[in-house]
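# Summary of structural features
Listed below are the residues making up each chain.
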Amino acid sequence: MAGQEFDTLSFRNALGNFATGVTVVTAKGENGTLAGVTANSFNSVSLVPPMVLWSLDRSSPSLKVLEGASHFCVHILAEGQNDLSMIFAKSGDDKFNGIKYIEGLGDAPILDGCLAYFECRNVVHHDGGDHVIIVGEVERFETAEGDPLIFFRGQLGDLAPLPKAD
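Residues numbered from 1 in each chain as written. Predicted model: local features only at pLDDT ≥ 70, side-chain atom pairs only at ≥ 80, totals over all residues. Heavy atoms only, no water.

Let us now look at the pattern of salt bridges. Considering all chains together, one arrives at six salt bridges under this definition. In this structure, R58 and D127 form a salt bridge, with 2.5 Å as the shortest nitrogen-oxygen distance. Residue R58 is found in the loop between β5 (51-57) and α2 (63-68), and its partner D127 is found in strand β9 (residues 116-128); the two are separated by 69 residues along the sequence. The class for D127 is exposed, based on a relative accessible area of 61%. Taking the shortest distance from any N to any O, the salt bridge between K100 and D112 comes out at 3.9 Å. Placement of the pair is K100 in the loop between α3 (82-89) and β7 (101-103) and D112 in the loop between β8 (109-111) and β9, with a sequence separation of twelve residues. You can call K100 exposed: its relative accessible area is 61%. When its relative accessible area of 48% is taken as the criterion, D112 is described as partly exposed. Residues participating in the shared-partner salt-bridge network are R121, E137 and E139. (Salt bridge = Lys/Arg side-chain N within 4 Å of Asp/Glu carboxyl O. Helix = DSSP H or I, 4+ residues; strand = E, 2+ residues; numbered from the N terminus. Buried < 20%, exposed > 50% of the residue type's maximum accessible area, 1.4 Å probe, protein only.)

If you walk through the whole model with that rule in mind, you get six aromatic pairs. For the ring pair F118 and F141, a centre distance of 6.2 Å and an interplane angle of 25° mean the geometry is stacked. Linking F118 in strand β9 with F141 in strand β10 (residues 131-143), this pair joins segments that are 23 residues apart in sequence. Given a relative accessible area of 16%, F118 falls into the buried group. Following the ring pairs from residue to residue traces out a cluster consisting of F42, F118 and F141. (Phe/Tyr/Trp six-rings, centres within 6.5 Å; stacked < 30°, edge-to-face > 60°.)

What follows deals with the environment of N17. Positionally, N17 belongs in the loop between α1 (8-15) and β1 (20-21). Overall, N17 belongs to the partly exposed group, its relative accessible area being 42%. If near-sequence neighbours (up to four positions away) are discounted, N17 is found in contact with F152 and R153. A polar contact is formed between the side chain of N17 and the side chain of R153, at a distance of 2.6 Å. (Contact = heavy atoms within 4.5 Å. Polar contact = N/O pair within 3.5 Å; in protein donor to acceptor, adjacent residues only side chain to side chain.)

Here R153 lies in the loop between β11 (149-152) and β12 (155-158). Owing to a relative accessible area of 58%, R153 belongs among the exposed residues under this scheme. In the structure, R153 is positioned 70 residues away from D83 in sequence and 18 Å away in space, judged by C-alpha atoms. The residues touching R153, leaving out its near neighbours within four places in the chain, are G16 and N17.

Let us look at α3. Looking at α3, one finds that the buried residues are L84, S85 and F88. Taken around the axis of α3, the buried residues stretch over an arc of 100°, which confines them to a single face. Looking at the packing, one finds that the buried side of α3 touches β2 (23-28), β3 (34-39), β8, β11 and β12. (Arc of directions from axis to C-beta.)

Right, here's the structure in full:
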């Protein structure tokens, strides 16, 4: 690579070959402002203590609320929740308009109908270039039956059905 310009678009496209699940991360700021973003950067960190991480672009209007909240909630989206993913992927203040949720730890919104959600105490943030890596300690979680929403090569999709056993 020495002497060559790094092609960020090609790099992004290459990363798109890694299929991921889709999450929505929600929080409520100290001033009562709700924030929510779609993220596919979710990952487990530790079982003891139970910790997860995700990252958010530094230019996101939701970053300040999500960094400053005492808690956040990570929701693993189920197939058929494409619309929910797209609502939280866009910028704007009215993301929660018409969205069914209950308040969880730290009053973080818990969305309905997801495969799982993790209520996390906001623990630490790390520099990640143009992103902030946010680590949380899981204090409560719930799971449900179903198949995940998948993100692959810039597209949302469903998990391919497994072949039936003979």
